[in-house]
Amino acid sequence: MNRFLTVFMAVLFTLVLTPGVVHAEPATLTWSVQPASAAGPDGRRWIELSLDPGQTVTEHLAVRNFSDGEAVFALKAADGYLTDKGRFNMLRSDQKSTDGGTWIDVQDEVRVGAKATAVVPFTVTVPQDAAPGDHPAGIAATVTSASGTVAVESRVGFRLMMRATGTIKAEVGVTGLSARYDQPWNPFSSGTVTVRYTATNTGNVAAGGAGAVAVSDLTGLAGRDGRADVAEIFPGDSRTVETRIGGVWALGPMSANVTVTPSVEGGVPMSADVTVWTVPWPQLALIALVVALFFASRAVTRRRRRRLYDLLARAREEGRAEARG
């Protein structure tokens, strides 16, 4: 059941209906696709291959039909990519593959009986001029069904991570670094620094990274640290990373540093810095209020003292006048 749940991930998308591309399938059709050997499913969740330029290997996939009727599945391969949420996907059928998806050769379709499993061989051929590094792709079994005036293609497949041998470079660059300071109006509460940057895989292998964030004032005495780790990114892809660091007091200009260390062994750490201005407005307002209250209290005290002196002086004058009388 766990294997079934792992591979049973269908991606639905809509295309203009083309006559002759819709197969008559069982009313309720469920199926799975997973890596296999010639004898059947072998327990792998996806396929990882390390190949030399020009090399060809044969692999297998197993299509299992859980339905009560026979079904015909179209077999397709395409370039792979990661979504914004870090999930693997492959290009739609109306998008042209230019990388790893073009290395895979598989038969157009397979017919699978009810409650049956079909094992299909396919080949992976690496071009002679293939660049070293990772070339992700996906392979899927699809079914197209009519829905009104459109055709809906449902597909289930798995990932192929193909690595062409050569010099491997693991590097995650840090660009577009920005920092924002959010401060509460409570003068006795610290603020929060929000750090945001773009992580770009500038190497040639899939890699994530451990992101270390450091925020400090010019003296380095009021520093705070945080994490902004990067999930896996394919070569050439980018991802926006954001983190919040609390407990930061406004002490004027502060430096925010981000250092990303690739998760692949031998990766080169990359870093970037940005300055964010923090003005302690609530604290300044509190100080201004205290100063204003001090001077107001002092003015009231002086006024009362002057009034007392005036009363005493008047009383003395009246006493002298009575004495003269």
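Refer to the structure printed above.
Quick look at the structure, then. (Residues numbered from 1 in each chain as written. Predicted model: local features only at pLDDT ≥ 70, side-chain atom pairs only at ≥ 80, totals over all residues. Heavy atoms only, no water.)

### Describing the pairing of strand S4 (residues 47-51)
(1) Moving on: Residues Ile47, Leu49 and Leu51 of S4 are buried on one face, while the alternating residues Glu48 and Ser50, pointing to the opposite face, are not.
(2) Moving on: Relative to strand S12 (residues 150-164), S4 runs parallel, the two sharing 5 bridges. Looking at S12, one finds that Leu49 is bridged to Met162. (Buried < 20%, exposed > 50% of the residue type's maximum accessible area, 1.4 Å probe, protein only. Helix = DSSP H or I, 4+ residues; strand = E, 2+ residues; numbered from the N terminus. Pairing = 2+ DSSP bridges.)

### Notes on the side chain of His135
(1) Moving on: Along the chain, His135 falls in strand S11 (residues 133-147).
(2) Moving on: Assessed through its relative accessible area of 7%, His135 is described here as buried.
(3) Moving on: Side-chain polar atoms of His135 contact the backbone oxygen of Ala131, separated by 2.8 Å.
(4) Moving on: Each residue touching His135, except ones within four places of it in the same chain, is listed here: Asp99, Gly100, Trp103, Leu160, Met162 and Ala164. (Polar contact = N/O pair within 3.5 Å; in protein donor to acceptor, adjacent residues only side chain to side chain. Contact = heavy atoms within 4.5 Å.)

### Here we look at the environment of Val33
(1) Moving on: Position of Val33 relative to the elements: it lies in strand S2 (residues 31-37).
(2) Moving on: Residue classification places Val33 among the buried residues on the basis of a relative accessible area of 1%.

### Here's the deal with unusual backbone geometry
(1) Moving on: Positive phi is not limited to glycine here, since Lys115 has a value of about 55 degrees.
(2) Moving on: Structurally, the position occupied by Lys115 is in the loop between strand S9 (109-112) and strand S10 (117-125).

### What to know about a positive patch on the surface
(1) Moving on: A grouping of Arg298, Arg302, Arg303, Arg304, Arg305, Arg306 and Arg307 is seen on the molecular surface, where their side chains present a positively charged patch.
(2) Moving on: Considering the arrangement of structural elements, one finds Arg305 in helix H2 (residues 281-324). (Patch = residues over 30% accessible without salt bridge, like charges linked within 9 Å, V, L, I, M, F, W, Y side chains within 5 Å. Areas by Shrake-Rupley, 256 points an atom, 1.4 Å probe, with all protein chains shown as cover. Salt bridge = Lys/Arg side-chain N within 4 Å of Asp/Glu carboxyl O. Lys, Arg positive; Asp, Glu negative; His and termini not counted. Charge placed at Lys NZ, Arg CZ, Asp CG, Glu CD.)

### Overview of a nonpolar patch on the surface
(1) Moving on: Where nonpolar side chains cluster on the molecular surface, the patch consists of Trp185, Trp281, Leu284, Ile287, Val291, Phe294 and Phe295 and spans about 840 Å² of accessible area.
(2) Moving on: Take Val291: it is sitting in helix H2.
(3) Moving on: A relative accessible area of 39% places Val291 in the partly exposed class.

### A few points about the pattern of salt bridges
Working definition: two side chains of opposite charge can pair if their charged atoms are close together.
(1) Moving on: According to the stated counting rule, one finds 13 salt bridges in the structure shown.
(2) Moving on: Between Asp134 and Arg163 there is a salt bridge, with its nearest N and O atoms 2.7 Å apart. Taken as a pair, Asp134 in strand S11 and Arg163 in strand S12 lie far apart in primary sequence, 29 residues in all.
(3) Moving on: On the basis of relative accessibility, which here comes to 31%, the residue Arg163 falls in the partly exposed class.
(4) Moving on: Taken together, the salt bridges that share partners define one network made up of Asp42, Arg44 and Glu59.

### Brief notes about the nonpolar core
Generally speaking, nonpolar side chains in soluble globular proteins are found buried as a group.
(1) Moving on: If you look at the biggest cluster of nonpolar residues, it comprises 32 residues, and the most contacted ones within it are Trp31, Val63, Phe73, Phe122 and Val124.
(2) Moving on: Ignoring sequence-local partners within four residues, the contact set of Phe122 consists of Ile47, Val57, Thr58, Glu59, His60, Leu61, Ile104, Asp105, Val106, Ile139 and Leu160.
(3) Moving on: Among the nonpolar cores identified, the runner-up in size contains 25 residues, and Leu177, Ala207, Ala250 and Val274 belong to it. (Core = buried A, V, L, I, M, F, W, Y, C linked by side-chain atoms within 4.5 Å.)

### Things to note about the sheet that holds strand S13 (residues 172-182)
(1) Moving on: Strand order in the open sheet formed by 3 strands is S13-S14-S18, and the pairing between neighbours is antiparallel. The sheet is open, and its two borders are formed by S13 and strand S18 (238-248), each paired with just one other strand. Geometrically, the sheet is characterised by an average inter-axis angle of 20 degrees between neighbouring strands, direction not taken into account.
(2) Moving on: Sheet topology places strand S14 (residues 191-201) next to S18; 9 bridges connect them, and they run antiparallel. (Axes fitted to C-alpha atoms, helices over the stretch in contact; angles between N-to-C directions.)

### Here's the deal with the sheet that holds S2
(1) Moving on: Spatial strand order, S3-S2-S5-S10-S8: 5 strands in an open sheet with antiparallel pairing. Two strands close off the open sheet at either side, each with one partner strand: strand S3 (40-41) and strand S8 (104-106).
(2) Moving on: Two strands pair when backbone bridges link them, and strand S5 (residues 56-65) and S10 are joined in this way by 9 bridges, in the antiparallel orientation. Considered in S10, the bridge of Val63 is made with Ala118.

### Some words on the packing of aromatic side chains
(1) Moving on: Throughout the structure, instances matching the rule amount to 3 aromatic pairs.
(2) Moving on: On the basis of an interplanar angle of 45 degrees and a centroid distance of 5.3 Å, the ring pair of Trp31 and Phe73 is categorised as tilted. A residue pair is termed long-range when its members are at least 10 positions apart, and Trp31 in strand S2 and Phe73 in strand S6 (residues 71-82) qualify at 42 residues.
(3) Moving on: Given the relative accessible area of 5%, Trp31 is considered buried.
(4) Moving on: Judged by its relative accessible area of 0%, Phe73 is buried. (Phe/Tyr/Trp six-rings, centres within 6.5 Å; stacked < 30°, edge-to-face > 60°.)

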